[in-house]
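Below are the chains, spelled out letter by letter.
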Amino acid sequence: MREGPDAPGSNTADSGATAHARTHAERGPCPKRVIHFLLASFSLGLGACVTPSARPPHRRLVASRPLPAPAWARVLRAMAGEKRMFGFEEVAKHNVAKDCWLVIAGKVYDVTPFMDEHPGGDEVLLAVTGKDATSDFEDIGHSDSAREMMEKYHIGEIDASTIPAKRTFVPPQQGSHVQAKDSDLLIKILQFLVPILILGLAFGVRHYSKSE
Ligand code: HEM
C-alpha cells in the first residue's frame with residue numbers, strides 16, 4: 001500500500017499544504033508571503049495616515065455637505081414626476097421683460113411670451129417679480145378668462161419654505177414711549193423756569209446796583 005501525497009484516497013491539496021507548512025517550519029516564511037504581508041501593512045498604514053482633505057472628493061462631499069432638506073424634497077418630487085419645484089431665489093432671477101417669471105398662489109408662471117399682450121401692461125408684471133405676487137394679482141380682480149389663460153404659462157411650483165418672510169411692523173416699546181413723555185414734560189417746565197430765572201436775575205442786579 002502506497003503512502004504520501006500520491007497514495008489513493010489521500011487529499012493532494014491537504015498534503016501540499018502540510019508540506020508547505022513543514023517547509024516554513026524548516027526554512028522560515030517564504031518571500032512571497034513576506035512581500036504580501038509588507039504590502040498589506042503598508043496600505044493599511046497609508047489609509048490611516050490619509051487626512052480628510054486627501055480623501056477622494058466624492059467622499060468629502062457626502063460627509064461634510066449633505067444636501068439641505070428643501071433640495072432633497074425638490075429632488076424627490078421631481079423623481080415622482082410632479083411639476084418642477086423651484087426655489088424662490090431661482091425664480092427671482094427672472095426679472096426682466098425678456099425673461100419674466102411670477103409667483104402666484106404657490107405656482108410659478110413664465111409670462112415672458114405674454115409681456116406684450118398683457119392688458120395691464122408689462123410694467124406691472126415686472127414690478128411684481130422677485131416677490132409673491134398673489135395679493136397683487138387678486139387685488140386687480142382678474143376675470144375667469146384671465147385665470148384660464150394663466151395655465152398656459154404655468155411652469156412649476158414654488159418651494160414655500162424658500163419664500164422670504166414678510167417684514168412685519170414692530171411698534172416701539174412701551175418703555176421708550178413713557179421716556180419720551182417724561183422728556184416732553186421736562187422741556188415744558190424749563191420753558192417756564194428759564195425766563196423766570198432770567199427775570200429774577202435782572203431784578204437782583206438792578207436792586208444791587210441801586211443800593212450801591
Ligand atoms: C399669468 C399671470 C396673468 C395673466 C394671465 C393676466 C391676464 C390679464 C388679463 C386677461 C387682463 C384683462 C382683464 C381680465 O380679463 O381680467 C389683465 C388685466 C390686468 N392685469 Fe393681469 N394677468 C396676470 C398677472 C397680473 C399680475 C401679477 C398683475 C399685477 C399687478 C396684473 C395686473 C393687471 C392689471 C393692472 C390689469 C388691468 C386691469 C384693468 O385695466 O382693469 N396682472 N390681466
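Below or above, wherever it landed, is the structure these notes cover. (Residues numbered from 1 in each chain as written. Predicted model: local features only at pLDDT ≥ 70, side-chain atom pairs only at ≥ 80, totals over all residues. Heavy atoms only, no water.)

## Here we look at the coordination of the iron atom of the ligand
No. 1: Protein coordination at the iron atom of the ligand: the donors are His118 (NE2) and His142 (NE2), at 2.0 Å from the metal.
No. 2: Of note is the iron atom of the ligand, whose six donor atoms meet at the metal with angles of 87 to 180 degrees in an arrangement that counts as octahedral. In this pair, histidine 118 is assigned in the loop between β4 (107–110) and α6 (122–127) and histidine 142 in the loop between α7 (134–140) and α8 (144–150), connecting sequence segments 24 residues apart. (Donors = N, O, S within 2.8 Å, 3.2 Å for Na, K, Ca; no water. Tetrahedral: all angles 85-135°; square planar, octahedral: opposite > 155°, others 65-115°. Helix = DSSP H or I, 4+ residues; strand = E, 2+ residues; numbered from the N terminus.)

## Observations concerning the site of the ligand
No. 1: Around the ligand there are 16 residues in total, and His118, Pro119, Leu125, His142 and Ser143 lie nearest to it.
No. 2: In the model, a nitrogen atom of the ligand is placed 2.8 Å from a nitrogen or oxygen of the histidine 118 side chain.
No. 3: Within the side chain of serine 143, an N or O atom sits 2.5 Å from an oxygen atom of the ligand.
No. 4: Within the residue set of the shell around the ligand, elements represented by two or more residues are α7 and α8.
No. 5: Tallied by class, the residues present in the shell around the ligand amount to eleven nonpolar, four polar and one charged. (Near = heavy atom within 4 Å. Polar contact = N/O pair within 3.5 Å; in protein donor to acceptor, adjacent residues only side chain to side chain. Nonpolar A, V, L, I, M, F, W, Y, C, P; charged D, E, K, R; others polar.)

## Notes on the pairing of β4
No. 1: Pairing between strand β3 (residues 99–104) and β4: four bridges, direction antiparallel. Considered in β4, the bridge of leucine 102 is made with tyrosine 109.
No. 2: Hairpin connection, β3 to β4: the antiparallel pair is bridged by two residues, and alanine 105 has positive phi, about 50 degrees.
No. 3: The pairing of β4 with strand β5 (residues 154–158) spans three bridges and is classified as antiparallel. Across the sheet, tyrosine 109 pairs through a bridge with histidine 154, a residue of β5. (Pairing = 2+ DSSP bridges.)

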